[in-house]
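Topology and contacts: notes
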Amino acid sequence: MALKAIKAGNRNETGIAAALRLMSDRFGDRFQTGEAIRAQHAHTTTYIPAQLPDGVVYPDSAAEVEAIVAIASEHGVPLIAFGTGSSLEGHINAPHGGVSVDMSRMDKVLEVNASDFDCTVQPGITREALNVYLRDTGLFFPIDPGANASIGGMASTRASGTNAVRYGTMKDNVLAVTAVTAGAKEIRTAHRAKKSSAGYDLTRLFVGAEGTLGILTSITLRLQGIPELIAGGVCSFPSVGDACNTVILTIQSGIPVARIELLDALQMKASNAYSGLSFPEAPTLFVEFHGNAESVALQSKQFAEIAAEFGSSEFQWTANTEERNALWKARHNAYWAQKSLAPGLAILSTDVCVPISRLADCVEATHEDIAAHGLIAPIVGHAGDGNFHVGLLFDDKDDADIAKAEAFVARLNGRALAMDGTCTGEHGIGQGKMPFLEAELGDALDLMRQVKRALDPGNIFNPGKIFAM
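This structure is a prediction, so every number in the text was calculated from the model and none was measured.

**Things to note about the overall build of the protein**
A tally of helices and strands in the protein yields 17 helices and 18 strands. A compact globule built from 469 residues should have a C-alpha radius of gyration of about 23 Å, and the protein, at 22 Å, falls within 12% of that. Each principal axis of the C-alpha distribution contributes one length, and for the protein these read about 65 × 60 × 40 Å. When each of the 469 residues of the protein is scored for burial, the buried share is 55%. Put simply, 73% of the contacts in the protein that link residues at least 6 apart link residues at least 24 apart. For the protein, the centre of its 38 positive side-chain charges and the centre of its 53 negative side-chain charges are spaced 4 Å apart.

Here it is, written out as structure tokens:
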């Protein structure tokens, strides 16, 4: 992705002006056009420049979303659904102008079916708020991206997290959605049954669509029982390859690890300083097991034996809740720890994913690339999935440094694709990954465009994202 490719698109000035008037009349104080609020609803968590919407509207219900879509459809005005703004690839920018639809007021739990291990929520609820609500039921929702993202945003970007190696990603945990499509009517993609052979899988079509096919108004989620015992641990390795090979053999051995996260030496330096840890500045695995006392002890022993084969330090594990929480809080704060390495520099956070058997090859080659080009780029990853992230620090005011950063990202994505991987395991495409999606899927993008045109003929839903029309 090149910064020069992030351009403003064509604007429908007449339609936008008409839509702004109508939304102001319809929603009153829940429609805002102040620059500060519009800036909060454009992209600011990565180096992609912000492209502000012309207004921000705060619906309370699916019926109000239908009203918003009806106005936008009539006047040909873009709508950009907004959750918490934590995405990293320009998903919430408004390159063609239009209206940001902030879903934060639609943050209710609509239904919990504890006996069926599922719940239905509105899109604006965050993952942490949902788990607080569920706590007394003995259930939890396991998907945990680093940010406290909204469930709607997580579904729209097909998000993942540290628990995905055991519990899967959003695509595995969304049973159904309701969404308002271009006809300004709410549709339901499925019911709560755990499996179905009824027609096209519309749920999977909307999960990962990044808001380009409609606006989600509810999501039905698969839940899990809170484990009887959770134990976590840490061990360090002589090299990043040794750590990756430990992950590969652990997965191939069928050990049901719940979390297995890789932090390279530079990331450990950053996390120690930012989160007050005192681990060796060496490639490290954070690991967690879920089960009962007997199974957790056995899994920890089996993992420690594998790690020892690759020269690890002693595997230190604990079931103490405070100690575990401190460990995973540090992991979830990895992005901010990376930024703290060089506060004056910008950060480009990018991810790729490869088949688990190629993880060591890809990470080692990426380390060599970083060293060869003199880059500051700590690596952290959901290693059990073959998914890792690079936080590249660079001077975003220096054209040469920008070019150097963009060239690295291009090489990283090319390396992953050459290993039969993907340009993104969980960040999504947005604006930033568009060229790499074309390299990954080629002519299949034409089929995606046909779907987009069929469901959104006016191209009002989050235009300028995923692929060019």
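After that view, the rundown keeps rolling.
**Focus on the packing of helix α15 (residues 399–418) against helix α16 (residues 434–441)**
Taken N-terminus to C-terminus, the directions of α15 and α16 make an angle of 20°; their axes are 11 Å apart at the nearest point. Classified by the interaxial angle, the pair formed by α15 and α16 is roughly parallel. The two elements α15 and α16 meet at a crossing, and its hand is right-handed. Together, Val 409, Ala 410, Asn 413 and Leu 417 of α15 and Phe 436, Ala 439 and Glu 440 of α16 make up the contact between the two elements. A class-by-class count of the residues in the contact of α15 with α16 yields five nonpolar, one polar and one charged.

**A short note on the side chain of Glu 210**
Checked against the element boundaries, Glu 210 lands in the loop between α8 (202–206) and β10 (215–222). One buried charge, Glu 210, has no salt-bridge partner; the nearest side chain with opposite charge is Arg 158, at 7.3 Å. At a separation of 2.7 Å, a polar atom in the side chain of Glu 210 contacts the main-chain amide nitrogen of Ile 429. If near-sequence neighbours (up to four positions away) are discounted, Glu 210 is found in contact with His 91, Ser 156, Thr 157, Gly 428, Ile 429, Gly 430, Asn 462 and Ile 466.

Analysis parameters
Every residue gets a number counted from 1 within its own chain, in the order that chain's sequence is written. Given that this is a predicted model, residues contribute local features only at a pLDDT of at least 70 and side-chain atom pairs are listed and counted only at 80 or more, while totals for whole chains, interfaces and linings are drawn from all residues. Side-chain numbers come from the whole structure's heavy atoms, not from hydrogens or water. What counts as a helix is a DSSP run of H or I of at least four residues, what counts as a strand is a run of E of at least two, and both are numbered from the N terminus. We take the radius of gyration over the C-alpha atoms and set the globule estimate at 2.2 Å times the residue count to the 0.38 power. Only protein chains enter the accessibility calculation, which uses a 1.4 Å probe; a residue whose area is less than 20% of its type maximum is buried, one above 50% is exposed, and one in between is partly exposed. The contact definition used throughout considers only heavy atoms, calling two residues in contact when any of these lie within 4.5 Å. We score Asp and Glu as negative and Lys and Arg as positive, and we do not count His or the chain ends. Where a charge lies is defined by one atom per residue type, namely NZ (Lys), CZ (Arg), CG (Asp) and CD (Glu). For every element, the axis is a line fit to its C-alpha atoms; helices are fit only across the contacting stretch, and the angle between N-to-C directions ranges from 0 to 180 degrees. Here is the rule for angles: anything less than 35 degrees is roughly parallel, anything more than 145 is roughly antiparallel, 65 through 115 is roughly perpendicular, and the remaining ranges are oblique. Crossing chirality is assigned from the near helix's rotation relative to the far helix, an anticlockwise turn below a right angle marking it left-handed and a clockwise turn marking it right-handed. Charged means Asp, Glu, Lys or Arg here, nonpolar means Ala, Val, Leu, Ile, Met, Phe, Trp, Tyr, Cys or Pro, and polar covers whatever is left, Gly included. We define a salt bridge as a contact between a side-chain nitrogen of Lys or Arg and a carboxyl oxygen of Asp or Glu at a distance within 4 Å. Polar contacts here mean pairs of N or O atoms no more than 3.5 Å apart (in protein, one a potential hydrogen donor and the other a potential acceptor; neighbouring residues in sequence count only if both atoms are side-chain atoms).

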